[in-house]
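If you want the building blocks of each chain, they are given just below.
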Amino acid sequence: MRRVLTAARMRAADQSAEARFSMPSPLLMENAGRWLADAARELGTTASRYVVVCGPGNNGGDGLVAARFLHISGLRVTVVLVGDRAKLTPESQRNLHALEPYGLHQPQPLGKVEARAGDVVVDALFGTGLTRAPAGEFSEAIQHMLRWRAAGAKVVAADIPSGLHTDTGEPFTPCVEADVTVTFGFYKQGQVLEPGATLCGDLRCVDIGIPPEAVTPQEGRELFLLEEADARGAIAPRRSDTHKGSYGHVLVVAGSHGKSGAAAMSALGALRGGAGLVTVATRSEVVEPVLGHAPEVMGWPLENRGPLGMADLEPLLEAAEKKDVLVIGPGIPRGDETVKLLGELLSRVDVPAVLDADALNAVATDLEVLRRAKGPLVLTPHPGEMSRLTGVPTKDLQKARVEVARDFARTHEVTLVLKGARTLIAHHDGTVYVNPTGNPGMATGGMGDVLSGLLGALLAQGLKLPEAAWTGVYAHGLSADLMVARRGRMGLIATDVAKGMCNVWTRWNR
Ligand SMILES: NC(=O)C1=CN([C@@H]2O[C@H](COP(=O)(O)OP(=O)(O)OC[C@H]3O[C@@H](n4cnc5c(N)ncnc54)[C@H](O)[C@@H]3O)[C@@H](O)[C@H]2O)[C@H](O)CC1
Ligand SMILES: [K+]
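Residues numbered from 1 in each chain as written. Chains lettered and ligands numbered in written order. Predicted model: local features only at pLDDT ≥ 70, side-chain atom pairs only at ≥ 80, totals over all residues. Heavy atoms only, no water.

Novice: Explain the overall build of the protein to me, please; I cannot follow it from the model alone.
Specialist: Helices and strands together make up the secondary structure of the protein, namely 21 helices and 18 strands. Seen along its three principal axes, the alpha-carbon backbone of the protein occupies a region of about 85 × 45 × 40 Å. By the burial criterion, 57% of the 510 residues in the protein qualify as buried. Just so you have it, the protein exposes about 20500 Å², and 52% of that area is on carbon and sulfur atoms. Separation between the mean location of the 53 positive side-chain charges and that of the 56 negative ones in the protein comes to 3 Å. (Helix = DSSP H or I, 4+ residues; strand = E, 2+ residues; numbered from the N terminus. Buried < 20%, exposed > 50% of the residue type's maximum accessible area, 1.4 Å probe, protein only. Areas by Shrake-Rupley, 256 points an atom, 1.4 Å probe, with all protein chains shown as cover. Lys, Arg positive; Asp, Glu negative; His and termini not counted. Charge placed at Lys NZ, Arg CZ, Asp CG, Glu CD.)

Novice: Is there a simple way to explain the sheet that holds strand β8 (residues 202-206) in this structure?
Specialist: Adjacent strands of a sheet pair through backbone hydrogen bonds, lying either parallel or antiparallel. Overall, parallel pairing links the six strands, which are arranged β3-β2-β4-β5-β6-β8 in an open sheet. The open sheet has two edge strands, β3 (76-81) and β8, and neither has a second partner. Each adjacent strand pair in this sheet contributes to an overall mean axis angle of 20°, direction not counted. Summarising the sheet, strand β2 (residues 49-54) and strand β4 (residues 120-124) pair through five bridges and their orientation is parallel. In the sheet register, V51 faces β4, and the bridge partner there is V121. (Pairing = 2+ DSSP bridges. Axes fitted to C-alpha atoms, helices over the stretch in contact; angles between N-to-C directions.)

Novice: Mind showing me how you'd approach empty space enclosed by the protein here?
Specialist: Where empty space is left can be seen by rolling a probe of water-molecule size over the atoms. Enumeration over the complete set of coordinates arrives at one cavity of 30 Å³ or more. Quantified by volume, the largest cavity comes out at close to 30 Å³. Lining the largest cavity we find V253, A254, G255, A281, T282, R283, L302, L308, I332 and P333. With three residues, strand β11 (residues 277-283) is the largest single contributor of residues to the lining of the largest cavity. Classifying every residue of the lining of the largest cavity gives seven nonpolar, two polar and one charged. (1 Å grid on protein atoms, 1.4 Å probe; cavity = no way out; pocket = protein on both sides within 12 Å on 5 of 7 lines; lining within 4 Å. Points joined across faces, edges and corners; volume = space filled by probe spheres on them. Nonpolar A, V, L, I, M, F, W, Y, C, P; charged D, E, K, R; others polar.)

Novice: Teacher, can you tell me more about the sheet that holds β11 here?
Specialist: A sheet is described by the order of its strands in space; here twelve strands give the open sequence β7-β1-β9-β18-β17-β16-β15-β14-β13-β10-β11-β12, paired in mixed fashion. Either end of the sheet is taken by a strand with one partner, and the two such strands are β7 (187-188) and β12 (298-302). Sitting on the sheet, helix α10 (residues 284-293) is in contact with β11 and β12, with an inclination near 140° to β11. (Contact = heavy atoms within 4.5 Å.)

Novice: How should the coordination of the potassium ion (ligand 2) be read in this particular structure?
Specialist: When four donors bind a metal tetrahedrally, each ideal donor-metal-donor angle is 109.5 degrees, and when six bind octahedrally, the ideal angles are 90 or 180 degrees. Bound to the potassium ion (ligand 2) are the protein donor atoms N59 (OD1), D123 (O), F126 (O), A158 (O), I160 (O) and S162 (OG), situated 2.6 to 3.1 Å from the metal. Given six donor atoms and angles of 67 to 169° at the metal, the environment of the potassium ion (ligand 2) is assigned as irregular. Judged by its relative accessible area of 15%, F126 is buried. Looking at I160, the relative accessible area reads 1%, which means it is buried. (Donors = N, O, S within 2.8 Å, 3.2 Å for Na, K, Ca; no water. Tetrahedral: all angles 85-135°; square planar, octahedral: opposite > 155°, others 65-115°.)

Novice: What should I look at first to understand the environment of D241 in this one?
Specialist: With respect to the helices and strands, the residue D241 is situated in the loop between α8 (228-234) and β10 (249-253). A relative accessible area of 55% means that D241 is categorised as exposed. Of note is the side chain of D241, whose polar atom sits 2.5 Å from the side chain of R239. (Polar contact = N/O pair within 3.5 Å; in protein donor to acceptor, adjacent residues only side chain to side chain.)

Novice: I would appreciate a short explanation of the environment of E42 in the present structure.
Specialist: If you trace the backbone, E42 turns up in helix α2 (residues 25-43). Judged by its relative accessible area of 58%, E42 falls in the exposed class. Each C-alpha atom, one on E42 and one on G430, is 39 Å from the other, the two residues being 388 residues apart in sequence.

Novice: Help me understand the site of ligand 1 in this model?
Specialist: Taken together, 23 residues lie around ligand 1, and N59, D62, G127, G129 and D159 are the ones closest in. In the environment of ligand 1, an oxygen atom lies 2.7 Å from a nitrogen or oxygen atom belonging to the side chain of D159. Surface burial for ligand 1 is 84%, taken as the share of its 840 Å² of free accessible area covered by protein chains. Every element with two or more residues in the shell around ligand 1 is listed here: α1 (7-21), α2 and α3 (58-72). Looking at the shell around ligand 1 element by element, the count peaks at three residues for α3. The residue makeup of the shell around ligand 1, split by class, is twelve nonpolar, seven polar and four charged. (Near = heavy atom within 4 Å.)

Novice: What's the story with the pattern of salt bridges in this structure? I'm lost.
Specialist: It is possible for side chains bearing opposite charge to pair when their charged atoms get close. Evaluated as defined, the whole model comprises 22 salt bridges. A salt bridge links R204 to D202; the nearest nitrogen and oxygen atoms lie 3.1 Å apart. Note that E228 and R507 form a salt bridge whose closest N and O atoms lie 2.5 Å from each other. Residue E228 is located in helix α8, and its partner R507 is located in helix α21 (residues 501-507); the two are separated by 279 residues in the primary sequence. (Salt bridge = Lys/Arg side-chain N within 4 Å of Asp/Glu carboxyl O.)

Novice: Before we go on, may I ask you to explain the confidence of the model for the protein in this structure?
Specialist: In regions of low pLDDT, the predicted coordinates are not meant to be interpreted in detail. When pLDDT is averaged along the protein, the result is 96; 100% of the residues meet or exceed 70. Complex prediction metrics read pTM 0.95 and ipTM 0.93. (pLDDT = per-residue confidence, 0-100.)

Novice: Whenever I open this one, the pairing of β4 confuses me. Can you help?
Specialist: Note on strand geometry: in a regular strand, side chains alternate between the two faces of the sheet. The buried count for β4 comes to five of five residues, which makes it a mostly enclosed element. Bridging between β4 and strand β5 (residues 154-158) involves four bridges; their strand directions are parallel. Counted as the bridge partner of V120 is K154 from β5. Read as a crossover between parallel neighbours, the route from β4 over helix α5 (residues 136-150) to β5 is right-handed. (Right-handed = clockwise from strand over helix to strand, strands pointing away.)

Novice: I tried to follow the packing of aromatic side chains on my own but got confused; where do I start?
Specialist: For any two aromatic rings, the description comes down to two numbers: the centre-to-centre distance and the angle of the planes. Applying the stated criterion across every chain, the model contains five aromatic pairs. Taking 5.9 Å as the distance between ring centres and 40° as the angle between the ring planes, the aromatic pair formed by Y433 and W470 counts as tilted. Of this pair, Y433 sits in strand β18 (residues 432-434) while W470 sits in helix α19 (residues 467-485); the two residues are 37 residues apart in sequence, bridging distant segments of the chain. The same class applies to Y433 and to W470, which are both buried. Ring geometry for Y474 against W508: centres 6.4 Å apart, planes inclined by 35°, an arrangement best described as tilted. Note that Y474 is positioned in helix α19 and W508 in the segment after α21, a separation of 34 residues in sequence. For Y474, a relative accessible area of 8% gives the class buried. W508 sits in the buried class, given a relative accessible area of 0%. When the ring centre of F69 is taken as origin, the NZ or CZ atom of R68, which lies over that ring, is 5.7 Å away. Residue placement shows R238 over the ring face of Y247; its charged tip is 3.5 Å from the ring centre. (Phe/Tyr/Trp six-rings, centres within 6.5 Å; stacked < 30°, edge-to-face > 60°. Lys NZ or Arg CZ within 6 Å of the ring centre and 35° of its normal.)

Here it is as structure tokens:
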């Protein structure tokens, strides 16, 4: 996994690289510009015109270095300088001067430049130094780059698309939309969260000589971008001398009249997630419909009727005996007593528990239930459920997903999976992990039910938190990505993703 920084921490790392690791800024810029030129070359051909749009700061400097490398490799380069030339940073001044022998030191005025289909535009207008909405000629420059891209030119952004806020990922208007973003040293927060992630296009983090040691750790406030190796590595290969008991027993408390499918999808998620055994505790009339979807599942009939309440406590305590993990919530019949039942159950059963769907809505009425739980908890809210858990309006919490998820996880000592595009996994130590897998094909009912069972299966197989949570979220989204690689995003359904887990395990040789 890769550490994700804010602009301020990036600047500090930059300074530390110079002060402690003998990597002066001009050398960092030379390395950055080299990588930028390589990425631009990949997007174009020898027939392309390479239009390098440079701003007044060091982001512009990266562009000037890239222009030099592109010219030296025999390509047709046009340099555009936006802003007051006299205000160029020293490093950028030096690199503008270095273009003199090539006749590129007299940049073209923006209005006289065009880029067409087949051309490549290098966006070196603003990087991490953007502090306010681009205006005037800066805004015009971004609008030119947007128009050129619409005409078919490819855009590679230096460090971050110009107009995108480094920390929040919120785009100012206008904001560059890149085909490729080459970011230097470390990922930035605004690049790994939506809408920034989409605006970056293919995001590549390149090493320009800043060692990891240049970053001052911030215990309890770190943000990491998950990578496939992390999730794959969390799951041990299966030994031959094992049996179904070796892979845990998941108890799914889910389903109700008309919602047997939710219980079945959670159970399928657990089965496809590798659990050895899965039992579904549900109202008696729901048992058969669930088993109809998944004959591999065992049913535990809850004889009472109506919403889950204290009358179900003893039967559930009995059902929970010899189980390795509880998954509670998908499609449950929720009533006034459900939160009391959950409080009693979780305070007496000492195994990990995944709380999803209506279990979350029940807990939202008494968060004390979370503190009383004996085993570790994983909560898997979508934004609407998170709003009910926190009281923060959905549109507000979506603008501060990292902070809201981190605060809740830490306050309530849980692992929180805040679902959505770029799902976040926040652990109670304050660390937050960003999941890059998944796609809009997953915007359909049941995906969360499958995920809840999948997380239960990984916990039942012995993965600990937060690893079990981010591994499951990564694998769940990867299953959907592998599915839509061969077909459209539309029409993807939750049971496809459950079945598709076998593609992930095949890819990971598990
Ligand atoms: N991090 C590294 O290791 C390296 C980073 N490099 C590049 O440097 C930029 C950051 O450079 P900086 O000079 O701090 O700022 P920018 O170039 O991003 O911004 C330009 C400059 O513009 C001013 N400004 C900010 N907002 C506006 C606005 N809306 N309108 C007009 N002017 C604005 C502000 O004063 C900025 O200083 C980083 O992204 C990398 O690309 C190094 O080159 C390599 C090592
Ligand atoms: K840029």
